[in-house]
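# Chain and residue survey
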Amino acid sequence: MQTAGRSDANMYAALFAGFADRLDHRCIIDATGEVITYGEVDRRSAQVASALRSLGVDQGDRVALHADKSPEALITYLGVVRAGAVFLPLNPAYRADEVAYFLHDAEPAVAIGRPTDRGWFDNVAADAGVRHVHHLGCDGDGSWAELIAIASADDDAPPIPTAPDDLATIVYTSGTTGRSKGAMLSHRNLISNGRALQQIWRFDLNDVLIHALPIFHVHGLYIATHTAMLTGIPMLFHRTFDSAAVLASLSKATVLMGVPTMYTRLLGESSLDTAACGAMRLFISGSAPLSADTFREFSTRTGHTILERYGMTETGMNTSNPCDGERKAGTVGLPLPGVSVRVTHDGKVVATGEVGDVQVRGPNVLRGYWRRPDKDAEEFTADGWFKTGDVGMFDDDGYLELVGRSKDLVISGGYNVYPKEIELLLDEVPGVIESAIIGLAHPDFGEVVTAVLVIEPGTEIDTAALIAHLKTRLASFKVPKTIHVIDELPRNAMGKVRKNLLRDRFS
Ligand code: MCA
Ligand code: AMP
């Protein structure tokens, strides 16, 4: 690919600039043993871009991918941004109703699903008016893979020039109303964040990243792959998180990015010790709070101090504990270079040590929500700061500590679950009068989704059948692990359910 004289406002061009002189080096070392070089990734992403062109996909058109993690899925992402189109990643655990919502809302030109989901995916996509429906299996099979294979790999085809604020991706996040909203992230958002992290986490050519995160969320898709590719280093690609397999990779790698559940599961491996960590230099945790116990135990067992950072779908990473300075347990560190973070109460910035709403401004912050100007107005302050919905405070050294959330949200194993979406479904169930979803502490997932129901007097609920029913409608991580039935939901004077009382009662 020629880049000389080109602007690197396109995310793919920015990545290419990072690995341009490393085309013979390993990029993806797949769990299957397949090794894909950077040159091969470049060639195959050009084929994806060419396949998209052959389908008439234009700059700004959306391309949805609802597929298992595989090198082909990652290369599809790269080809989509390379073509100037907008990538729409969808968790393959999403069921038909969930996918239908995203496809109707984002109106993609292309939707790629799993061959095993053909039975419903194609109908859902057709119903949403998607022009091109394809399939990609986890072994690189399916019509999408076939289309790419016959597409020309024009190595000289540069990425479609994009302006920095053009959309690169839409990532859906659920909301307090139950309706998911698409966070619109631009090429500038992704490039600026990737480069800031590459710098502060001190990535260099000696690094090898263990990539064991899903690739349909910002953490695994953008943070992990971008820092690696901007540096031109190999990724040990785990299709799923298997703690024994990741443990075995530690001796061949230098950096691991994970959610806290992954660290507690690694601690469950009896052979995790200093020797097992081989050449590892950095363990990074985020997406959910890392418990002080996990932080301490990991340090005792391995001699490594986990670096905790804080981000959001809407912003990428905001703050991080330092690589070189002190990593403070219970804090999410210092604002990233170029990113401003403030803590406010009643519209005023509070003093150090005082708790308030965390707000963020910088090149990492989303352009807005897809076709939701109402949400833009709600989620940004009048002076242009993004309201994270997290509650925190700065300490005397400028480290941010998150102490809670003003949004009604459960974070289970690093996945966000907004109660309203599940409550709306539960309220439709015959016999259910009202419902409340709460998060309860859990040793593996940090928090787990729990339902509290009020049902018609004299009726009974078959909770196992209800859980089975919910699994047909929702990705299973959103499905309550436990259901409690009580006489009445506790409410405050405004009629709002007092979920803290429910949490106290059932924890
Ligand atoms: C799986 N299960 C879960 C979860 N994951 N239940 C609750 N919470 C979960 N997170 C359930 C499944 O529904 C299934 O239930 C059973 O566990 C086995 O599923 P399986 O897929 O085999 O689970 P696993 O492979 O053990 O997955 C656990 C995991 C995974 C590896 C921790 O949840 C994960 O990859 N989490 C990371 C999420 C992430 O990347 N978040 C970043 C978003 P059943 O058998 O009943 O069906 S946040 C973000 O991007 C921002 C920017 C940030 O700050 O990072
Ligand atoms: P998501 O919308 O899935 O991107 O999740 C973003 C949310 O995850 C943030 O607003 C926080 O509430 C939470 N989060 C991310 N990283 C951390 C962390 N290190 N500690 C506590 N919460 C976190």
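Scroll up to find the structure.
In short, a report on the structure. Keep in mind that what you see is a predicted model, and the values were worked out from it rather than measured. (Residues numbered from 1 in each chain as written. Chains lettered and ligands numbered in written order. Predicted model: local features only at pLDDT ≥ 70, side-chain atom pairs only at ≥ 80, totals over all residues. Heavy atoms only, no water.)

### Some details on the nonpolar core
- Ranked by internal contacts, the top residues of the largest apolar core, which has 113 residues, are Tyr-77, Trp-144 and Trp-201.
- At 8 residues, helix α8 (residues 218–231) tops the list of elements feeding residues into this core.
- Look past the residues within four positions of Trp-144 in its chain and what remains in contact with it is Val-48, Leu-52, Leu-55, Thr-76, Val-110, Ile-112, His-134, His-135 and Leu-136.
- Of all hydrophobic cores here, the second largest spans 44 residues; its members include Ala-111, Ala-125, Leu-426 and Val-479. (Core = buried A, V, L, I, M, F, W, Y, C linked by side-chain atoms within 4.5 Å. Buried < 20%, exposed > 50% of the residue type's maximum accessible area, 1.4 Å probe, protein only. Helix = DSSP H or I, 4+ residues; strand = E, 2+ residues; numbered from the N terminus. Contact = heavy atoms within 4.5 Å.)

### Brief notes about the site of ligand 2
- With respect to spatial proximity, 16 residues lie near ligand 2, and among them Arg-309, Thr-313, Asp-390, Lys-407 and Asn-416 are the closest.
- Here Asp-390 contributes a side-chain N or O atom positioned 2.6 Å from an oxygen atom of ligand 2.
- Here ligand 2, which alone exposes 500 Å², has 92% of that area covered by the protein.
- Mapped onto the shell around ligand 2, the elements with two or more residues apiece are β13 (307–312) and β21 (400–405). (Near = heavy atom within 4 Å. Polar contact = N/O pair within 3.5 Å; in protein donor to acceptor, adjacent residues only side chain to side chain. Areas by Shrake-Rupley, 256 points an atom, 1.4 Å probe, with all protein chains shown as cover.)

### Some details on the pairing of strand β14 (residues 316–320)
- Across the 5 residues that make up β14, a large majority, 5, are buried.
- Pairing of β13 with β14, which is carried by 4 bridges, proceeds in the antiparallel orientation. The residue of β14 that forms the bridge with Tyr-310 is Thr-319.
- Taking the residues that link successive antiparallel strands as the turn, the β13-β14 hairpin has 3 residues.
- Bridge count between β14 and strand β15 (residues 334–335): 2 bridges; the pairing is antiparallel. Residue Thr-319 lies in a different strand from β15, and its bridge partner there is Pro-335. (Pairing = 2+ DSSP bridges.)

### Here's the deal with the sheet that holds strand β26 (residues 482–485)
- Taken together, the 3 strands give an open sheet; going across it, the order is β24-β25-β26, and neighbouring strands pair in mixed fashion. At either end of the open sheet lies a strand with only one pairing partner, and these are β24 (432–442) and β26. Pairs of neighbouring strands in the sheet enclose a mean axial angle of 25°, with direction left out of account.
- Note: strand β25 (residues 446–455) against β26, 4 bridges, orientation parallel. When the sheet's bridge partners are listed, Val-452 is paired in β26 with His-484.
- Against the sheet, helix α13 (residues 419–427) engages β24 and β25, with an angle of about 145° to β24.
- With respect to the sheet, helix α15 (residues 499–506) is in contact with β24, β25 and β26, its orientation differing from that of β24 by roughly 60°. (Axes fitted to C-alpha atoms, helices over the stretch in contact; angles between N-to-C directions.)

These figures capture arrangement, not role.
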